[in-house]
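Chain residues, written in single-letter form:
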Amino acid sequence: MYSMTGYGRGEYKSGGIELTVEIKTVNNRYLDAAIKAPRIFVAHEEVVRSVLREYLTRGHADIFVSFSDKREREKSLYLDEETAKSYVAAAKRIKALFPDAADDISVSGILRYPDVIKSEDVSAADEELISALKTALKAALEKLNVMREAEGKKLEADMLSRMKTIEKLVSDVEKRAPLVALNYRQKLETKMKKILDGVEVDEGRLLTEAAIFADKSNIDEELTRLHSHISQFCDICRETLVGRKLDFLVQEFNRETNTICSKSNDLEITRLGLALKNEIEKVREQVQNVE
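Heads up: these notes are all about the structure in this document. (Residues numbered from 1 in each chain as written. Predicted model: local features only at pLDDT ≥ 70, side-chain atom pairs only at ≥ 80, totals over all residues. Heavy atoms only, no water.)

1. Focus: the overall build of the chain
For step 1, the next point in the chain: Across its full length, the chain carries eight helices and six strands.
For step 2, the next point in the chain: Per-residue burial for the chain yields a buried fraction of 34% across its 291 residues.
For step 3, the next point in the chain: Contacts spanning at least 24 positions in sequence make up 81% of the contacts within the chain whose residues lie at least 6 apart.
For step 4, the next point in the chain: Accessible surface, the chain as shown: approximately 17500 Å² in total, 51% of it carbon and sulfur. (Helix = DSSP H or I, 4+ residues; strand = E, 2+ residues; numbered from the N terminus. Buried < 20%, exposed > 50% of the residue type's maximum accessible area, 1.4 Å probe, protein only. Contact = heavy atoms within 4.5 Å. Areas by Shrake-Rupley, 256 points an atom, 1.4 Å probe, with all protein chains shown as cover.)

In structure tokens:
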């Protein structure tokens, strides 16, 4: 079992390349990634996402990439014509405003203006750099998964502990359930005797009413399904990727508990049902953090 929350850091240092990848993850229904990397890697984001999918299936990942490239590499210069035109146009407007000012616009002067001439690596993001990125990313993801697995064990222990509490509450409901129809029959008999005031109560009619009530308030099926859900929950926790299965199962826990509360017509079972819902909600919150 893996938690969806964690942090990992990976580094690559070789041949003049120093590259660091940091990744932190939080819970999310689907796999989603936000990549913050130098512009040189923009065209290679799918490489990052592809590696990410090898290690994660759910959660939101923030990935940070930084690097230093000290290799001797061929460089080229290019002219940003639009920027140069803007500088010249601005100079001409200033000349029109101040005709007496000396006009010292020159080609060499324009070349010195910011962002007119830019340099770029001819072999930007070459295979060696992409390989370094993959190496550092995988190292970060492996450390991330170590942390996520450790956190997952804590989540598993907490949820299994709560399953024991849930199982105890279900057993308490099971013990109380047979008394509901009996109590109803006794209350009905007392009420009828009071209303009829001395007239003999029709025992057959009383038994019929008690049987109808017992049928309407019967929760045997719901209790059986809850016991089954508890067993399934414990079995699923032994697997690796369990988040979606447990999420569905918790919904079934809630469904059965709601039915018990609506059918019980008994204060004690309602109290136990509410306690059940409280524990199930705590489990649901934990499940949201599981991959």
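2. Overview of the pattern of salt bridges
For step 1, the next point in the chain: Summed over all chains, the structure comprises 18 salt bridges.
For step 2, the next point in the chain: A salt bridge links E222 to R225; the nearest nitrogen and oxygen atoms lie 3.8 Å apart. Linking E222 with R225, this pair stays in helix α6 (residues 220-236), spanning three residues, or about one helical turn.
For step 3, the next point in the chain: Close ionic contact of R238 with D235 constitutes a salt bridge, the shortest N to O distance being 2.6 Å.
For step 4, the next point in the chain: Residue D235 is classed as partly exposed on the basis of its relative accessible area of 40%.
For step 5, the next point in the chain: The network of salt bridges with shared partners includes D158, R162, E279 and K282. (Salt bridge = Lys/Arg side-chain N within 4 Å of Asp/Glu carboxyl O.)

3. Quick word on the sheet that holds strand β2 (residues 17-26)
Pairing between sheet strands relies on hydrogen bonds along the backbone, with the strands arranged either parallel or antiparallel.
For step 1, the next point in the chain: Strand order in this open sheet of four strands is β1-β2-β4-β3, and the pairing throughout is mixed. Here the strands that pair on one side only, and so sit at the sheet edges, are β1 (6-14) and β3 (31-36). Averaged over all pairs of adjacent strands, the angle between their axes in this sheet comes to 15 degrees, without regard to strand direction.
For step 2, the next point in the chain: Relative to β2, β1 runs antiparallel, the two being bridged by nine bridges. (Pairing = 2+ DSSP bridges. Axes fitted to C-alpha atoms, helices over the stretch in contact; angles between N-to-C directions.)

4. Examining the pairing of β3
Two faces belong to every sheet, and in a regular strand the side chains alternate between them.
For step 1, the next point in the chain: Pairing of β3 with strand β4 (residues 59-69) involves six bridges; the strand directions are parallel. Each bridged residue has a counterpart across the sheet, and for A33 the counterpart in β4 is A61.
For step 2, the next point in the chain: Chirality of the crossover, the property in question, places the unit of β3, helix α1 (residues 45-55) and β4 among those that are left-handed. (Right-handed = clockwise from strand over helix to strand, strands pointing away.)

5. Here's the deal with the packing of α6 against helix α7 (residues 243-264)
For step 1, the next point in the chain: One can describe the packing of α6 onto α7 by two numbers: an axis separation of 10 Å at closest approach and a directional angle of 160 degrees. Between α6 and α7, the crossing angle belongs to the class labelled roughly antiparallel. In the packing of α6 onto α7, the handedness of the crossing is left-handed. Judged by residue contacts, E222, L223, R225, L226, H229, I230, Q232, F233 and I236 of α6 engage K245, L246, L249, V250, E252, F253, E256, T257, T259, I260 and K263 from α7.
For step 2, the next point in the chain: Looking at the contact of α6 with α7, its residues break down into ten nonpolar, four polar and six charged. (Parallel < 35°, antiparallel > 145°, perpendicular 65-115°, else oblique. Left-handed = near helix turned anticlockwise from the far one by under 90°. Nonpolar A, V, L, I, M, F, W, Y, C, P; charged D, E, K, R; others polar.)

6. Looking at the nonpolar core
For step 1, the next point in the chain: Formed by 29 residues in total, the largest nonpolar core has its most connected members in M159, I166, F233, L246, F253 and V283.
For step 2, the next point in the chain: If you list the elements that add at least two residues to this core, you get α4 (127-196), α6, α7 and α8 (267-287).
For step 3, the next point in the chain: Here this core takes eight residues from α4, the largest share from any one element.
For step 4, the next point in the chain: Grouped together as the second largest cluster of nonpolar side chains are 24 residues, V21, I23, L52 and A136 included. (Core = buried A, V, L, I, M, F, W, Y, C linked by side-chain atoms within 4.5 Å.)

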